[in-house]
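Residues per chain, in single letters:
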Amino acid sequence: MTTHAIELRDLHKHFGKNEVLKGIDMTVDPGQVVCVIGPSGSGKSTLLRCVNLLETPTKGKVFVEGVEVTDLDVDIDAVRRRIGMVFQQFNLFPHMTALQNVMIAQQRVLKRSKGEAEVIARDNLEKVGVGDKCDSLPGQLSGGQQQRVAIARALAMSPSLMLFDEPTSALDPELVGDVLTVMRKLAEEGMTMLVVTHEMGFAREVADRVVFMDGGVVVEDGAPAQVIGAPQQERTRSFLRRVLHPEE
Amino acid sequence: MADQPKTAEPGRARLSPRKKQQVSRGVQYVVLAAALVAVVLYADWPSLAQNFAKADVAAEALPDLFTIALRNTIIYAVGGFVLAFVAGLLLALMRLSQVRPYRWIAIVYIEIFRGLPALLIFLLITFLPLALPGFQVPGGTYGQGILGLGLVGAAYQAEIFRAGLQAVPKGQTEAARSLGMSATRAQVTVVIPQAIRMVIPPTTNQFVALLKDSSLVLFLGVSGEYVELAKFGNDLASQHANATPIMVAGLTYLIVTIPLGYLASRLEGRKGRTP
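The structure contained in this document is the topic of the report that follows. Chains are numbered independently. Their residues run from 1 in the order of the written sequence. Chain A is the first chain written and ligand 1 is the first ligand written, with later ones labelled in order. Restriction of local features to residues with pLDDT of at least 70 applies here, the model being predicted, together with a cutoff of 80 or more for giving and counting side-chain atom pairs; totals for whole chains, interfaces and linings are based on all residues. Side-chain calculation: all heavy atoms of the structure are included, whereas hydrogens and water are not.

**Considerations on the packing of aromatic side chains**
All names here are of chain B.
Stage number 1. Stacked, tilted and edge-to-face are the three classes applied to pairs of Phe, Tyr and Trp rings, where Trp contributes its six-membered ring and a pair requires centres within 6.5 Å; stacked means planes under 30 degrees apart, edge-to-face means over 60, and tilted covers the rest. Scanning the entire structure with this criterion turns up seven aromatic pairs over all chains.
Stage number 2. With 5.9 Å between their ring centres and 50° between their planes, Phe81 and Phe85 make a pair best called tilted. Of this pair, Phe81 and Phe85 both sit in helix H4 (residues 64-95), separated by four residues, roughly a single helical turn.
Stage number 3. Relative accessibility under 20% of the residue-type maximum defines a buried residue, over 50% an exposed one, and the middle range a partly exposed one, all with a 1.4 Å probe and only protein chains included. Residue classification places Phe81 among the buried positions, given a relative accessible area of 18%.
Stage number 4. Seen in terms of ring centroids, Phe81 and Phe207 are 5.3 Å apart; in terms of plane orientation they differ by 80°. Their pairing is edge-to-face. Taken together, the residues Phe81 in helix H4 and Phe207 in helix H10 (residues 200-213) connect sequence positions 126 residues apart. Working definition: helices are DSSP H or I runs of at least four residues, strands are E runs of at least two. Numbering for both runs from the N terminus.

**Some thoughts on the sheet that holds strand S4 (residues 59-64) of chain A**
Residues and elements named next belong to chain A.
Stage number 1. Across the sheet, which stays open at both edges, the four strands sit in the order S2-S1-S4-S5 with antiparallel pairing between neighbours. Two strands bound the open sheet, and with one partner strand each, they are strand S2 (18-28) and strand S5 (67-68).
Stage number 2. For strand S1 (residues 6-15) and S2, the ladder comprises eight bridges, and the chain directions are antiparallel. Paired with Ile6 across the bridge in S2 is Val28. Whether two strands pair comes down to DSSP finding at least two bridges between them.

**Quick notes on the pairing of strand S7 (residues 161-165) of chain A**
Residue and element names in this part refer to chain A.
Stage number 1. Of all five residues making up S7, five are buried, and the element is well covered by its neighbours.
Stage number 2. Note: S7 against strand S8 (residues 192-196), five bridges, orientation parallel. Note on S8: the bridge partner recorded for Leu161 is Thr192.
Stage number 3. Viewed along the sheet, the connection from S7 through helix H6 (residues 173-188) into S8 turns out right-handed. When the strands point away from the viewer, a crossover counts as right-handed if the path from the first strand over the helix to the second runs clockwise.

**Focus on a nonpolar patch on the surface**
Residues and elements named next belong to chain B.
Stage number 1. A patch consists of residues whose relative accessible area exceeds 30% and which take part in no salt bridge; residues with like charges are grouped when within 9 Å of each other, and nonpolar side chains (Val, Leu, Ile, Met, Phe, Trp, Tyr) when within 5 Å. For the area figures, the Shrake-Rupley method with a 1.4 Å probe applies, and any residue is considered shielded solely by the protein chains shown. Note on definitions: salt bridges are taken to be side-chain nitrogens of Lys or Arg within 4 Å of carboxyl oxygens of Asp or Glu. On the surface, Val39, Val40, Trp45, Leu48, Phe52 and Met247 cluster together into a nonpolar patch covering about 560 Å² of accessible area.
Stage number 2. Every element with two or more residues in the nonpolar patch is listed here: helix H1 (17-42) and helix H2 (45-52).
Stage number 3. If one sorts the elements of the nonpolar patch by residue count, H2 sits on top with three residues.
Stage number 4. The residue Val40 is located in helix H1 in this model.

**A word on the sheet that holds strand S6 (residues 83-86) of chain A**
Residues and elements named next belong to chain A.
Stage number 1. Spatially, six strands are ordered S6-S7-S8-S3-S9-S10 in an open sheet, and the strand pairing comes out mixed. Edge strands, defined here as strands with exactly one partner in the open sheet, are S6 and strand S10 (217-222). Sheet twist, expressed as the average angle between the axes of neighbouring strands with direction ignored, equals 15°.
Stage number 2. Pairing analysis gives five bridges linking strand S9 (residues 209-214) to S10, with the strands arranged antiparallel. Bridge pairing in S10 places Asp214 opposite Val217.
Stage number 3. Against the sheet, H6 contacts strand S3 (33-37), S7 and S8, and its axis sits at roughly 145° relative to S8. The convention used is that axes are lines fitted to C-alpha atoms, helices contributing only their stretch in contact, and that angles between N-to-C directions extend from 0 to 180 degrees. In this description, contact between two residues means that some pair of their heavy atoms is separated by no more than 4.5 Å.

**Concerning the interface of chain B and chain A**
Stage number 1. Counting residues at the interface gives 18 residues for chain B, matched by 24 residues for chain A.
Stage number 2. Accessible area that two parts lose when put together, evaluated with a 1.4 Å probe and summed over both, is termed the buried area. At the boundary of chain B with chain A, total buried surface from both sides reaches about 1800 Å², with 63% on carbon and sulfur atoms.
Stage number 3. A per-residue breakdown of the area chain B buries against chain A is headed by Glu174(B), Ser178(B) and Leu179(B), which together make up 32% of the total.
Stage number 4. Along the contact surface separating chain B from chain A lie two salt bridges.
Stage number 5. Across the pair Arg177(B) and Asp77(A) runs a salt bridge, and its minimum N-O distance is 3.2 Å.
Stage number 6. Whenever a nitrogen or oxygen atom comes within 3.5 Å of another N or O atom, the pair is scored as a polar contact, on the condition that within protein one atom can donate a hydrogen and the other can accept it, and that pairs from neighbouring residues in sequence are kept only if both atoms are in side chains. The tally of links between chain B and chain A comes to five residue pairs in polar contact (both at pLDDT 80 or more).
Stage number 7. At the level of elements, helix H8 (170-178) and helix H9 (183-198) of chain B are the ones that each hand at least two residues to the side of chain B that touches chain A.
Stage number 8. A total of seven residues in the side of chain B that touches chain A trace back to one element, the largest contributor, which is H8(B).
Stage number 9. Residue classes follow a fixed rule: Ala, Val, Leu, Ile, Met, Phe, Trp, Tyr, Cys and Pro count as nonpolar, while Asp, Glu, Lys and Arg count as charged, and any other residue, Gly among them, counts as polar. Across the side of chain B that touches chain A, the residue classes tally to seven nonpolar, seven polar and four charged.

**Focus: the pairing of S8(A)**
Residue and element names in this part refer to chain A.
Stage number 1. By the criterion of burial, S8 is predominantly enclosed, with five of the five residues buried.
Stage number 2. Side-chain alternation along S8 places Thr192, Leu194 and Val196 on one buried face and Met193 and Val195 on a second face that is also buried.
Stage number 3. The sheet contact formed by S3 and S8 spans four bridges and is parallel. Looking at S8, one finds that Val34 is bridged to Leu194.

**As for the environment of Glu19(A)**
Residues and elements named next belong to chain A.
Stage number 1. Relative to the elements of secondary structure, Glu19 occurs in strand S2.
Stage number 2. In this structure, the C-alpha to C-alpha distance between Glu19 and Phe164, residues 145 residues apart in sequence, is 23 Å.
Stage number 3. Those residues in contact with Glu19, other than ones at most four positions away along the chain, are His12, Lys13 and His14.

**Some words on the environment of Lys59(A)**
Residues and elements named next belong to chain A.
Stage number 1. Within the secondary structure, Lys59 is located in strand S4.
Stage number 2. Between the alpha carbons of Lys59 and Thr70 there is a distance of 9.4 Å; along the sequence they are eleven residues apart.
Stage number 3. Excluding residues that lie within four positions of it along the chain, Lys59 makes contacts with Asp10, Leu11 and His12.

**A short note on the pattern of salt bridges**
Close approach of charged atoms allows side chains with opposite charge to pair.
Stage number 1. Within this structure, the stated rule accounts for 19 salt bridges over all chains.
Stage number 2. Glu65(A) is the salt-bridge partner of Arg82(A), the closest N and O atoms lying 2.1 Å from each other. With a gap of 17 residues between them, Arg82(A) in the loop between helix H2 (76-81) and S6 and Glu65(A) in the loop between S4 and S5 connect regions that are remote in the sequence.
Stage number 3. Through salt bridges with shared partners, a single network forms among Arg49(A), Glu55(A), Lys170(B) and Glu174(B).

**Notes on the side chain of Asn72(B)**
Stage number 1. On the secondary structure map, Asn72(B) appears in helix H4.
Stage number 2. A polar side-chain atom of Asn72(B) sits 2.8 Å from the main-chain carbonyl oxygen of Val227(B).

In short, shape yes, function no, at least from these values alone.
Structure, rendered in structure tokens:
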């Protein structure tokens, strides 16, 4: 039996009386790109945040590379080191330059030397196309540049999988492409990726699987051609109609 | 539009609002001018100068005014400020702790020390050796003054830090934790540096407040080389039965506090730059 990169078993999450996740079973295999789509409030982001325990599941189990992270004895900081996360709001550290943003966790968490961290940071910033912005503060960068620095920051930790929480939703439309290009490149390199997104084009082209969520449950899970191209469920169809043809 | 009346009741000769404002402004100038004339005519200028601005008494204040009094004021204020800064940060972290008893302790401390007059704290400090036989505040008179200012300042500084810590977006902690930083590491590396930047302007104001409160050292019964500006002015004033030294001490405070206040508002204006 191969080990899944991510496995969710009967995952539940309540915020007070509000039941956001109502029993999710799902797997992501190593090297796979899985896109989670669905209307806002469907629990997509919460699901993603349960994987690295930014949210603590109310019930159910989360396994990352075979390790049950919901087990209280697990060193969650060690698990998170292997999971890169990219946020909708970038969450760069505003008091540090782009380079420092990418170096800090390498030095403080992985205990890499300053020199080594800097080489790796520059490599990754170069890779995402902002190699010339090393000395800029986040406030001096466009949203698209900030998000790419954030991706470099996650990559510098050499994660074995990456979580993307609506990475292009806060961007001006003309900046979305740059970020998607970087993500596409990562996917081609074989990075395991779980992506919450509204970019149907990206999901259709890049994803190995698309998961449609609504009301805290997985409604459809399959190849993009199936879920986006030929959805079986009425809920999926009506969501896609609204997303793909908002004018009608 | 054209046939609309100029005032609500065109029949009566009421002043338009702008005319009214003009008249009101005129009256204000007249009142001010009258008050000035009264002061100039009726104040006993020679006596005022004699009692509040006597040159030879002022000259006598030098150089001790700067070498002892101002120096000590700064020692008390800076010492108290350092204590308040460290204790305030600790209290703010306790105030925001997950552990409820820490929160309670911080709340009780902050409420008590913000609620009591600073003078009362200083008076209590003078009674410490009575209450705790054999206990001495380390650092002697300086220690006592710094302790008093630090105890009071910590409560205010804690609230400043709390506001600063809470103003750092939650996403910052999440990003730090998602990179594998522990909760403590995330606080130290990511949250606290940002919070400190945000609280620089209110903290500067807080320092000015402490600097002024250092005058309460007067009530510790200090003397000689430990006197600060207020005590120094007061002693010299009693000695000469003349208020000039108090005026001189006041001016010396202003030399320090006004630039600091100006600096604080400058910093405040710049604060918006940080996202």
